[in-house]
Amino acid sequence: MSVDLSRRSLLFGRKPAQEPVNVFRPPWANERFTDICTRCAECITVCPSQVIVKGDAGFPEIDYKYGECTFCGECRDVCQPKALSAEDPWHRHVQIGAQCIAYSGVDCRVCGEVCDTAAIKFALQVGTVAQPQLNIDACTGCGACMTSCPTAAIQMLQAK
Ligand code: SF4
Ligand code: SF4
Ligand code: SF4
């Protein structure tokens, strides 16, 4: 049976000519991810944290509003065409924005409490509450702090 390419395009959408900067692929995404990924959605199904969603053109991406990545490796292991085969999971880290309520004098340390790598610590300040201090080198980009922040003050950045 011949494949109707125009219909296939309608079903799956066109792959992006270039990776958008604000799209966060699953961990260990190959540099040629959109060439290799077949959009089978197996990684979406298998992720115990349910943080992988179907993004533009059906390609999987991480949506941190659903939780954190634990780097369990199940998405990588299930991917048959080896689209998740890079050496490192990814190069990304968070930044803390102006909406952080600690900057306004409200005592909040939630992000530091959930960070397994202690990438966010709190420094005592004279005349106000302890302020968050981020160590970018220690941040794995897991997203636990983003999900937990009560004011959505934390954003993820691609690091290269
Ligand atoms: S490593 Fe585990 S938690 Fe992270 S995206 Fe893959 S399946 Fe989900
Ligand atoms: S959890 Fe959010 S509001 Fe609270 S200290 Fe961290 S960044 Fe600020
Ligand atoms: S993304 Fe993960 S490792 Fe980085 S600061 Fe947040 S909780 Fe810590």
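For the structure, check the block above.
This write-up is about the structure you can find in this document. Quick caveat, the model's predicted, so the values are computed rather than measured.

Criteria and cut-off values
Residues numbered from 1 in each chain as written. Chains lettered and ligands numbered in written order. Predicted model: local features only at pLDDT ≥ 70, side-chain atom pairs only at ≥ 80, totals over all residues. Heavy atoms only, no water. Near = heavy atom within 4 Å. Nonpolar A, V, L, I, M, F, W, Y, C, P; charged D, E, K, R; others polar. Helix = DSSP H or I, 4+ residues; strand = E, 2+ residues; numbered from the N terminus. Buried < 20%, exposed > 50% of the residue type's maximum accessible area, 1.4 Å probe, protein only. Contact = heavy atoms within 4.5 Å. Polar contact = N/O pair within 3.5 Å; in protein donor to acceptor, adjacent residues only side chain to side chain. Pairing = 2+ DSSP bridges.

### As for the site of ligand 2
Okay, step 1: Inspection of the region around ligand 2 gives Ile96, Cys100, Ile101, Cys108, Val110, Cys111, Phe122, Cys149, Pro150, Thr151 and Ile154 as its neighbouring residues.
Okay, step 2: Its residues assigned to classes, the shell around ligand 2 shows 10 nonpolar, 1 polar and no charged.

### A look at the environment of Val46
Okay, step 1: With respect to the secondary-structure elements, Val46 resides in helix α3 (residues 42-46).
Okay, step 2: You can call Val46 partly exposed: its relative accessible area is 26%.
Okay, step 3: Taking the C-alpha atoms as reference, Val46 lies 9.9 Å from Arg76; in sequence the two are 30 residues apart.
Okay, step 4: Discounting residues that sit within four places of it in the chain, Val46 has contacts with Glu74, Cys75 and Val78.

### Some points on the side chain of Gln131
Okay, step 1: Counting through the fold element by element, Gln131 comes out in strand β5 (residues 128-134).
Okay, step 2: Looking at Gln131, the relative accessible area reads 13%, which means it is buried.
Okay, step 3: There is a polar contact of 3.0 Å between the side chain of Gln131 and the backbone oxygen of Val129.

### As for the pairing of strand β4 (residues 120-125)
Okay, step 1: Bridge analysis of β4 against β5 gives 5 bridges, and the strand direction is antiparallel. Within β5, the residue paired with Lys121 across the bridge is Gln133.
Okay, step 2: Two successive antiparallel strands, β4 and β5, enclose a turn made up of 2 residues, where Gly127 displays a positive phi of approximately 85 degrees.

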